[in-house]
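Each chain, written out:
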Amino acid sequence: MAQIQKQTDTKQSLPVKPQQEEEVSLRGTFASVMILGILIILSWLSAFFLFLERQ
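Since the model is a prediction, treat every value here as computed from it, not as a measurement.

Undergrad: Could you clarify how one ought to interpret the overall build of the protein in this entry?
TA: Looking only at helices and strands, the protein features one helix and zero strands. Total accessible area computed for the protein in this model is approximately 6,700 Å², and 61% of it derives from carbon and sulfur atoms.

Undergrad: Honestly, the packing of aromatic side chains in this entry has me stumped. Any pointers?
TA: Aromatic rings considered in pairs are described by the distance between their centres and by the relative angle of their planes. Summed over all chains, the structure comprises one aromatic pair. Considering the side-chain rings of Phe 48 and Phe 49, the 5.8 Å spacing of their centres and the 55° angle between planes classify their relative orientation as tilted. Looking at Phe 48, the relative accessible area reads 43%, which means it is partly exposed. You can call Phe 49 partly exposed: its relative accessible area is 49%.

Undergrad: What am I meant to see in a nonpolar patch on the surface here?
TA: Taken together, the side chains of Ile 35, Ile 38, Leu 39, Ile 41, Leu 42, Leu 45, Phe 48, Phe 49, Phe 51 and Leu 52 make up a nonpolar region of the molecular surface, amounting to roughly 1,000 Å² of accessible area. By secondary structure assignment, the location of Phe 51 is in helix α1 (residues 27-53).

Calculation criteria
Residues numbered from 1 in each chain as written. Predicted model: local features only at pLDDT ≥ 70, side-chain atom pairs only at ≥ 80, totals over all residues. Heavy atoms only, no water. Helix = DSSP H or I, 4+ residues; strand = E, 2+ residues; numbered from the N terminus. Areas by Shrake-Rupley, 256 points an atom, 1.4 Å probe, with all protein chains shown as cover. Phe/Tyr/Trp six-rings, centres within 6.5 Å; stacked < 30°, edge-to-face > 60°. Buried < 20%, exposed > 50% of the residue type's maximum accessible area, 1.4 Å probe, protein only. Patch = residues over 30% accessible without salt bridge, like charges linked within 9 Å, V, L, I, M, F, W, Y side chains within 5 Å. Salt bridge = Lys/Arg side-chain N within 4 Å of Asp/Glu carboxyl O.

Here you go:
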């Protein structure tokens, strides 16, 4: 029978340095969400006005 050998963790535990939190700019995300919202509102308004025109 083959012997099962336990592998020891060779990684040494290094002291954890506190990471500096970087300020992430969300301007692009905000602009994308606003553009998407405007497109959704325009599509709903165009469908609504089309509905009113056909009555």
